[in-house]
Amino acid sequence: MSAAAESDDARWMRLALEQGRRGVGLTSPNPPVGAVVVADGERLGQGWHQRAGKPHAEIEALRDAAARHPQRLRGATIYVTLEPCSTHGRTGPCTEALIAAGLGRVVWGARDPNPGHAGRAETLLRDAGLSVTTGVLEAECTALIRPFAKWITTGLPWVIAKAATSLDGRLTRPAGEGPWLTSEAARAHGRSLRRRVDAILVGAETVRQDDPQLTLRDSADSDRPQPWRVVLSRSGQLPATARLFTDAHRERTLILPGPDLRTALLELGRRGVTTVLIEGGGQVLGQAFARRLVDEVHWYLAPRLCGAGTTPALGTEPWAASVGLADVHVEALGDNLCLTARPVWADATEGEP
């Protein structure tokens, strides 16, 4: 394939990625996927997978193209961020739909991480006479489905750890100073992480002390389902008046037995939860790091020295080794900072041994 053709493939795949990102936080237990149909250098249609049980991205893109340019679909190329499905689920196989549409070429970025599906689409499509190109913008397309890939291969959700501290490592300000450590901009940024996940997890003491809401509050999120609000509790003794049990989303609250976090995450995985945001407290966050269950870190840093207040930020459970951070990105949120990174364990082992 020529350099020019490779450049065109990358350009169209970027548009498919834009479509796919629209589904982040909406499609579990399916992955977010985007697709674009192209002929003679012109986009005919596009689509994205919007909810589990609804048409896959390929079908949405084919329908869009058929409605706009019905005479040009035969022989066209479709760009898909993920290898098309080849088995019956809630919907029919996308490979069959692509063949029936009379397409000439199929291009995808990421290989299906499901061991039972990986590689099947290429064989089926080639046998039907279609040209197939794989691995276009593979890294970007694979990143889009990281939570799904972890869940489908391990049964564990992708875990995002969120914490906020002062410069001297305190989780809270001294008594009597008010509840907020970070700025409103930083808190809004932290709440925006909720739209990416299927569940938000906290420890029982966080419920007792802070009475959190753990809700989506942006008007732009009105069409998104409220993530499960999960409380990890050893005793199950929690205040009945807490907002998690009394507000409009009370049926989206789960209590799971503590203290073992990995067991709780496996239970969430069995429920189809592919992404979990741990918002606190320190003991739960500490266990998540100590047992190597964290996949992504968002750490907010406030320009404040507290001297007193809750510490340590990551509990008291002993760790076998420190945790390195890679792919570090630092964002200024007014006078606060947010550090985003992925953990790197000393022996590169993923998950608790």
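Residues numbered from 1 in each chain as written. Predicted model: local features only at pLDDT ≥ 70, side-chain atom pairs only at ≥ 80, totals over all residues. Heavy atoms only, no water.

A. Spotlight on the sheet that holds strand β5 (residues 131-134). Spatially, the five strands line up as an open sheet ordered β2-β1-β3-β4-β5, and their pairing is mixed. Looking at the sheet topology across the chains shown, the edges are occupied by β2 (42-48) and β5. Geometrically, the sheet is characterised by an average inter-axis angle of 15 degrees between neighbouring strands, direction not taken into account. Bridge count between strand β1 (residues 34-39) and β2: six bridges; the pairing is antiparallel. (Pairing = 2+ DSSP bridges. Helix = DSSP H or I, 4+ residues; strand = E, 2+ residues; numbered from the N terminus. Axes fitted to C-alpha atoms, helices over the stretch in contact; angles between N-to-C directions.)

B. Highlighting the sheet that holds strand β7 (residues 199-203). Taken together, the eight strands give an open sheet; going across it, the order is β9-β8-β7-β10-β6-β11-β13-β12, and neighbouring strands pair in mixed fashion. The sheet is open, and its two edges are formed by β9 (253-257) and β12 (324-333), each paired on a single side. The sheet shows a mean angle of 20 degrees between the axes of neighbouring strands, taken without regard to direction. Where strand β11 (residues 296-301) and strand β13 (residues 336-344) come together, five bridges link them in antiparallel fashion. Among the inter-strand pairings, L301 is bridged to a residue of β13, identified as L337. The strands that helix α10 (residues 261-270) touches are β6 (158-165), β7, β8 (228-233), β9 and β10 (275-280); relative to β9, the one it contacts most, it runs at about 135 degrees. (Contact = heavy atoms within 4.5 Å.)

C. Fine view of the side chain of S86. Looking at the secondary structure, you find S86 in the loop between β3 (77-82) and α3 (94-100). S86 sits in the buried class, given a relative accessible area of 9%. Apart from residues no more than four positions distant in its own chain, S86 is found in contact with P93, T95, H117, R120, A121 and L124. (Buried < 20%, exposed > 50% of the residue type's maximum accessible area, 1.4 Å probe, protein only.)

D. Fine view of helix α6 (residues 146-154). Listed as buried for α6 are P147, F148, K150 and W151. Seen along its axis, α6 keeps its buried residues to an arc of 165 degrees; they face one direction. Contact partners of the buried residues in α6: α5 (138-144), β6, α10 and β10. Following α6 by one or two positions, G155 adopts a phi angle in the positive range, close to 85 degrees. (Arc of directions from axis to C-beta.)

E. Quick look at empty space enclosed by the protein. Tallying each qualifying case throughout the model produces one cavity of 30 Å³ or more. Quantified by volume, the largest cavity comes out at close to 60 Å³. Lining the largest cavity we find F289, A290, R292, W319, A320, A321, S322, V323 and W345. Grouping the constituent residues of the lining of the largest cavity by class yields seven nonpolar, one polar and one charged. (1 Å grid on protein atoms, 1.4 Å probe; cavity = no way out; pocket = protein on both sides within 12 Å on 5 of 7 lines; lining within 4 Å. Points joined across faces, edges and corners; volume = space filled by probe spheres on them. Nonpolar A, V, L, I, M, F, W, Y, C, P; charged D, E, K, R; others polar.)

F. The environment of G315, seen in detail. Among the structural elements, G315 can be located in the loop between β11 and β12. Sequence separation between G315 and W151 is 164 residues, and the spatial gap between their C-alpha atoms is 26 Å. The residues touching G315, leaving out its near neighbours within four places in the chain, are G282, Q283 and G286.

Distances and angles like these do not, on their own, reveal function.
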